[in-house]
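Inside the fold
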Amino acid sequence: DGEIQYFEFHTTFNRLLDQSHMPNLSEREMDGLVHSLDSENRGAIGYTAFLAAAMDPALLHESDWLARKAFSAFDMDADGVVSVAELEEITGDVVPLLEGPAASEPMSPSAPPSPLSPTRQPWSRPHSPARGGSSPCASPRGVPVQGPSSPKVESVKGGSHHTEANSGKRFSLGLVERTVGWGSAMASSTIISLLHRSATSDKELTFEDFQRMVKEEWKLRSFYKSDIAQCGYLLAYKNSCFVINPSAEISSVLQALDEFGLSLNGILLTHLPVDYVSGHAELSACTGAPVYFGAQEFGVLETLPDSSLGRAATDDTKIPMADDFYFRPLATPGHTSGSVSWCLCALNSDDEDVLLVFTGSFLLNGGIARCDLEAKVSGDPRLQVQPDILRRSIQKIAALPSDTEIFPTACAGSLVFRPGEALLQTLRTTVKKQKRCNPGFRQAMKSSISFGEYMNWVSDSVDFPPYFKACYEANRQPWSERRILFDMDDPMVPQALRKAPSAFAVPKLDASAFHAASSNPGVVIVDARSAVAASRVFVKGALSVPLDTPETQVEDFWSIWLGMLLPEDPQLLLICEDRDLPDVLGRMQHIGCTEVVGALAMNAWYALAELGASRPGYGLASADGQVGVSVVDVVRDASIVVVDVRSEVEFHGADIGIFDNSISCCLRNMVKEKLWTNFDTKKKIMVVCNDGFRSAMAASYLIQEGMNVVVLHGGLESISRDPEVNHLLLHDDFS
């Protein structure tokens, strides 16, 4: 029928694995694979998506006949060359794998919803498009999608998927990296410009150019961390290789270098971030590569294992790649006082062509970063960046050729950008697109006064999450005092760096030790078990932040949510499955939470109950009643109070719907202002959100207040798609 149905793929793929004497994929691995291919959420895999995933650069390189066959498929008019239009015709259907709208929660009541509609998120379970707005800066399905959900960054031609099957790690969104291949990594015009070493050359590929493209003479890989909405990059040409803005989890970068057989020539920092922990020092220690940074970005040298590896870059700095390509910094202060953007340039007849630019976090796809954070987080008013400085930096980017591609580090859902802007869930954009769709970009083209007013209300009305301070301090910590931020068992870590102290060295505690530690002042218990597990047995005083909910295999924004809800400088006790501990610790290190007192040994549950430290958890309600009780019976109870913890913007269009007479109480506001004091404690409370993630967190607070709580298992998404119970929801626009 022209499509591969899920069951067809499952059956055939596992049969081929059997014939090759390879182990079958687990159900989770198989689900992740087929849903990453089903980019349009049709319940089947289309030809283009299958072709994109199946193309193997090595195979095409070895077979001239096959390569010419592939070239003829691109050369649709048979004129002997592949034009930009032809290249886009083939790869255009793949680009949506990267794209899908997303936005922050508008801080102004007048902020309009985006007209864009979401695409399916990768690795999600069947019938769960776009995971329903569970970002701390969330928007819903039907309006701009939730904040930092994961862009589609699947390999299109070549590369390897670092999944559980080949990395040995738990299947997850944040720590499992997806590689980016040619078809979706760059625009077609950029690919041709790189191959021709010119931004102004004829936009056509000969067969020889096509072979170079397929061989990936240029390699671009993204290392996307959905839990912190951050993306680092690897760019390699021939034997020259650079990494831009690595996060603390560097093993995926080391694995890519090993896969390509490349040495790292340099690490390019656009800035020292405030919203995640950078891995530049660890990566330099592992590879011996120098770290390049803007001359005004102070504090980098002290973080390095060898200060001689630090390179402060000025406007005249040129960092050579192979042939006539080089990187040069473009001073773009604004997000931080020393921010730079890194331009990849080619020298042609004494003229410089800027081919692409890595902007870090100062310019995002659809938004601009706040300029007040560095001064607020550091407590040093001297670091305050005036809006006009940010405005001039944006104007520098605007002055680049309109087709210049922009690769930002901060992605949709990041908490560093100006609230109220609709970020696009794409890892790449162009100057032309930003002039058209980025409101901050357009404001920067106006007067200084107008732009100042546009930015200054943020400083007056929007705070920052506590974990920003931990990230700021960790990124400026001297190497001698720095805790090693990787797993000592990771085979990619050099033996010389296997030393204490490590953020992964967490003791397992029995029940009595755990109970005693929990009574210490400043200690917070974080329960990362699934929502179902937490509902059965709940540790008193714990904050439930489940890795798994019925609608998400691993919650995309786990680290951001945890950082939003934790106090400043917390001492943490962990509850999670033993297999999940490295994943949880890795996600916590991304936001600077490394002070972990211990983790509860999973065989200690019975003894914990005897100590009176645990109790039955919250109740569960589900659409079909197979988990907990039927939601129909719950809502018929006149004494029930439905508390909807989604953000206000999620009622625009009411795509999923809401329960009649429910109380809207955004989770962030509920926790910050302790709004549960307004609830009737004599009544049973059913907590709802889109997918069950925020409901579980809210329930843990309400249980501690002695309330009788029921959580809607699977969230409102499970209700909205079930015709038997969908009538319980109202679908008007409640904006």
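About the thresholds
Residues numbered from 1 in each chain as written. Predicted model: local features only at pLDDT ≥ 70, side-chain atom pairs only at ≥ 80, totals over all residues. Heavy atoms only, no water. pLDDT = per-residue confidence, 0-100. Helix = DSSP H or I, 4+ residues; strand = E, 2+ residues; numbered from the N terminus. Contact = heavy atoms within 4.5 Å. Pairing = 2+ DSSP bridges. Axes fitted to C-alpha atoms, helices over the stretch in contact; angles between N-to-C directions. Parallel < 35°, antiparallel > 145°, perpendicular 65-115°, else oblique. Left-handed = near helix turned anticlockwise from the far one by under 90°. Salt bridge = Lys/Arg side-chain N within 4 Å of Asp/Glu carboxyl O. Buried < 20%, exposed > 50% of the residue type's maximum accessible area, 1.4 Å probe, protein only.

A low pLDDT score tells you not to read the predicted coordinates there in detail. When pLDDT is averaged along the protein, the result is 77; 77% of the residues meet or exceed 70. Ranking the helices and strands of the protein by mean pLDDT puts strand S8 (residues 266-268) first, with 98, and helix H7 (residues 164-167) last, with 28. In this model, residues 93-135 is a region of pLDDT below 50 whose contacts with residues beyond four sequence positions or in other chains number 183 contacts. Note on residues 137-184: pLDDT under 50 across the span, and 242 contacts to partners over four residues away in sequence or across chains.

Let us now look at the sheet that holds strand S12 (residues 325-331). In spatial order, the strands read S11-S12-S13-S14-S17-S18; together these 6 strands make up an open sheet with mixed pairing. In this open sheet, the two strands that pair with only one neighbour each are strand S11 (319-320) and strand S18 (429-430). As paired elements, S12 and strand S13 (residues 340-348) share 7 bridges and run antiparallel to each other. Paired with Tyr326 across the bridge in S13 is Cys345. Each of S12, S13, strand S14 (351-360) and strand S17 (405-408) is contacted by helix H9 (residues 188-196), which is oriented at about 130° to S14, the strand it contacts most. Packing against the sheet, helix H14 (residues 387-398) makes contact with S12, S13, S14 and S17, and its axis sits at approximately 150° to S12.

Quick look at the packing of helix H21 (residues 558-565) against helix H26 (residues 693-704) now. Running from N to C, H21 and H26 cross one another at 25°; their axes reach a closest spacing of 12 Å. Taken together, the axes of H21 and H26 lie roughly parallel to each other. Considering the relative orientation of H21 and H26, their crossing is right-handed. Residues Trp558, Trp561 and Leu565 of H21 lie in contact with H26, whose contacting residues are Phe693, Arg694, Met697 and Tyr701.

Attention now moves to the pattern of salt bridges. Overall, the coordinates contain 21 salt bridges when judged by the stated rule. In this structure, Asp227 engages Arg587 in a salt bridge whose closest nitrogen and oxygen atoms are separated by 3.9 Å. In this pair, Asp227 sits in the loop between strand S5 (218-225) and strand S6 (230-237) while Arg587 sits in helix H22 (residues 581-589), placing the two residues 360 residues apart along the sequence. Between Asp583 and Arg587 there is a salt bridge, and its shortest N-O distance comes to 3.0 Å. Note that Asp583 and Arg587 are positioned in helix H22 at a spacing of 4 residues, about one turn of the helix. Owing to a relative accessible area of 5%, Asp583 belongs among the buried residues under this scheme. Several salt bridges converge on common partners, so that one network encompasses Arg197, Lys238 and Asp323.

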